Amino acid sequence: MERTLIIFKPDTLQRRLAGRILQRFEDKGLTVSGLKLMQIPRELAEEHYAPHKGKPFYPGLIDYITSGPVVVVALQGHRCIEIARTLMGKTFGYEAVPGTIRGDFGASRSFNLVHGSDSPESAATEIALYFTDGELVDYSPAGSEWVFPSDDT
Ligand code: IDP
Ligand code: MG
């Protein structure tokens, strides 16, 4: 089963939106297979955002993501990487369409509430940065067949 790494960024916690944003992913049918509250150490943030190193917004991004507590979530489900990105909406809140998380709650370029892995490769790398194998639980909630039918071609 595919997995993706979601982070509720510091603005989500400061604005007390964690419950409502988690609900979006659960409502869609994705399964929580790992979840924790933490404050991201600077070195970990730099490793996570290494692909953005050198870009003008990089220093601000590291300051932002380390500025307060975050919730990191490993979500599981067929096509969950794509589904989560669609639920999140475009990167900048003012461009994201209403109905998406960033479109409903965000108005900023940098403070955009959520991170979501953008490919199977980044999902695998990012999940390993934030979770040990023992912190992830593989299970299939009752009713999963009604969300992800096995003959869903
Ligand atoms: P994504 O989060 O939609 O995948 P990325 O391009 O990977 O977007 O950028 C990572 C994060 O860096 C964004 O979520 C946002 O917080 C921040 N960011 C990206 N571009 C800008 C910018 O032009 N100004 C300020 N912050 C930015
Ligand atoms: Mg990205």
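Residues numbered from 1 in each chain as written. Chains lettered and ligands numbered in written order. Predicted model: local features only at pLDDT ≥ 70, side-chain atom pairs only at ≥ 80, totals over all residues. Heavy atoms only, no water.

Caption draft 1: Broad picture of the pattern of salt bridges. For the structure on display, the rule yields five salt bridges. Among the ionic pairs, D104 bridges to R24, the shortest N-O distance being 2.9 Å. Residue D104 is found in helix 6 (residues 101-105), and its partner R24 is found in helix 2 (residues 18-28); the two are separated by 80 residues along the sequence. With a closest N to O distance of 3.8 Å, E95 and K90 form a salt bridge. (Salt bridge = Lys/Arg side-chain N within 4 Å of Asp/Glu carboxyl O. Helix = DSSP H or I, 4+ residues; strand = E, 2+ residues; numbered from the N terminus.)

Caption draft 2: Main features of unusual backbone geometry. The phi dihedral of R16 falls on the positive side, at around 55°, and the residue is not glycine. On the secondary structure map, R16 appears in the loop between helix 1 (10-14) and helix 2. On the basis of relative accessibility, which here comes to 74%, the residue R16 falls in the exposed class. (Buried < 20%, exposed > 50% of the residue type's maximum accessible area, 1.4 Å probe, protein only.)

Caption draft 3: Focus on the pairing of strand 3 (residues 70-76). With seven of seven residues buried, strand 3 is to be regarded as a mostly interior element. Alternating residues of strand 3 divide into V70, V72, A74 and Q76 and V71, V73 and L75, and every residue in both groups is buried. Note that strand 1 (residues 3-8) and strand 3 share six bridges and pair antiparallel. When the sheet's bridge partners are listed, F8 is paired in strand 3 with V71. Bridging between strand 2 (residues 31-38) and strand 3 involves seven bridges; their strand directions are antiparallel. Within strand 3, the residue paired with M38 across the bridge is V70. (Pairing = 2+ DSSP bridges.)

Caption draft 4: Main features of the packing of aromatic side chains. Applying the stated criterion across every chain, the model contains three aromatic pairs. Centre to centre, the rings of Y64 and F111 are 4.6 Å apart; their planes meet at 20°, and the pair counts as stacked. Taken together, the residues span a long stretch of sequence, with Y64 in helix 4 (residues 58-65) and F111 in the loop between helix 6 and strand 4 (114-116) at a distance of 47 residues. Residue class for F111 comes out partly exposed when judged on its relative accessible area of 46%. (Phe/Tyr/Trp six-rings, centres within 6.5 Å; stacked < 30°, edge-to-face > 60°.)

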